[in-house]
Amino acid sequence: MTIQTTDLCDANEDKVSVVSPMFRSFGGRSAFGGPITTLKLFEDNALVRKTLESPGDSRVLVIDGGGSMRCALVGDQLAALGVRNGWAGIVVYGCIRDSKAIATMDIGVFALGTHPRKTIKRNTGEADLPVTFGGVTFIPGHYLYADEDGVIVSPTALQ
């Protein structure tokens, strides 16, 4: 399926929620989509690693990092784990690092920006719960689609 959020919005106006335009695309895959898996954490990416080590099954990992611009929640090693384990994409409400390397990888990565500092590992955070940012609530099992025009969410898969 070729993902074009504009066409998906036009055909499914009553089903989709549009995330506020805040993200930049960093991954080698500029358009991606799939079922949502969520994490809620703050400046600690230990749970991100644990999640990306599991089979992705073409899902999209949505990370609510509280919008922190003080460190990066995803770097090239974690993005490479995502590629190896079959994740379609990662959306970070926060920062990433190693953007040049991530740009060469076959995975979608959207984030607010970049930051060179890594996180502190405290093994804190929660998984698989609804998270809200950008005017949208991301619910595990719902679907996310992203491309150059933005990010949209739907309770069902779209065609």
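Residues numbered from 1 in each chain as written. Predicted model: local features only at pLDDT ≥ 70, side-chain atom pairs only at ≥ 80, totals over all residues. Heavy atoms only, no water.

**So, the overall build of the chain**
Part 1: The helix and strand tally for the chain stands at 4 helices and 12 strands.
Part 2: Computed over the C-alpha atoms, the radius of gyration of the chain is 14 Å, within 12% of the 15 Å expected from 2.2 N^0.38 for a compact globule of 159 residues.
Part 3: When each of the 159 residues of the chain is scored for burial, the buried share is 49%.
Part 4: Counting only carbon and sulfur atoms, one obtains 48% of the accessible surface of the chain, whose full area is about 7,400 Å².
Part 5: Side chains of the chain give 15 positive and 17 negative charges; the mean places of these two sets differ by 12 Å. (Helix = DSSP H or I, 4+ residues; strand = E, 2+ residues; numbered from the N terminus. Rg over C-alpha atoms; globule rule 2.2 N^0.38 Å. Buried < 20%, exposed > 50% of the residue type's maximum accessible area, 1.4 Å probe, protein only. Areas by Shrake-Rupley, 256 points an atom, 1.4 Å probe, with all protein chains shown as cover. Lys, Arg positive; Asp, Glu negative; His and termini not counted. Charge placed at Lys NZ, Arg CZ, Asp CG, Glu CD.)

**As for a negative patch on the surface**
Part 1: Side chains of D7, D10, E13 and D14 sit close together on the surface and give a patch of like negative charge.
Part 2: Structurally, D10 is set in helix α1 (residues 5–11). (Patch = residues over 30% accessible without salt bridge, like charges linked within 9 Å, V, L, I, M, F, W, Y side chains within 5 Å. Salt bridge = Lys/Arg side-chain N within 4 Å of Asp/Glu carboxyl O.)

**Some points on the pattern of salt bridges**
Close approach of charged atoms allows side chains of opposite charge to pair.
Part 1: For the coordinates displayed, the defined rule picks out 4 salt bridges.
Part 2: For K40, the salt bridge is made with D64, and the minimal N-O distance between the two is 3.2 Å. In this pair, K40 sits in strand β3 (residues 32–40) while D64 sits in strand β4 (residues 60–64), placing the two residues 24 residues apart along the sequence.
Part 3: Given the relative accessible area of 37%, K40 is considered partly exposed.

**Looking at the nonpolar core**
Part 1: Within the largest apolar cluster, 22 residues are counted, with the highest numbers of intra-cluster contacts made by V48, L52, I63, V74, V92 and I96.
Part 2: Residues contacting I96, with those up to four places away along its chain left out, are F26, A72, V74, I102, V109, A111, G113, T114 and H115.
Part 3: Counting residues in each nonpolar core, the second largest holds 19 residues, with A88, F110, F138 and V153 among its members. (Core = buried A, V, L, I, M, F, W, Y, C linked by side-chain atoms within 4.5 Å. Contact = heavy atoms within 4.5 Å.)

**Re the packing of aromatic side chains**
Part 1: The tally for this structure, following the rule as stated, stands at 4 aromatic pairs.
Part 2: Summarising the aromatic geometry, the rings of F32 and F110 are spaced 5.3 Å apart at their centres and angled 90 degrees between planes, so their arrangement reads as edge-to-face. Here F110 lies in strand β7 (residues 108–114) and F32 lies in strand β3, a separation of 78 residues in the sequence. In terms of burial, F32 and F110 fall into one category: buried.
Part 3: When the centroid spacing of 4.5 Å and the interplanar angle of 25 degrees are considered together, the rings of F133 and F138 count as stacked. Each member of the pair, F133 as well as F138, carries the same accessibility label: buried.
Part 4: Members of the aromatic cluster, joined through ring pairs, are F23, Y93, F133 and F138. (Phe/Tyr/Trp six-rings, centres within 6.5 Å; stacked < 30°, edge-to-face > 60°.)

**What to know about the environment of Q77**
Part 1: Structurally, Q77 can be placed in helix α3 (residues 76–84).
Part 2: In this structure Q77 comes out as exposed when scored by relative accessible area, which is 55%.
Part 3: Distance from Q77 to T51, taken between C-alpha atoms, is 13 Å for residues 26 residues apart in sequence.

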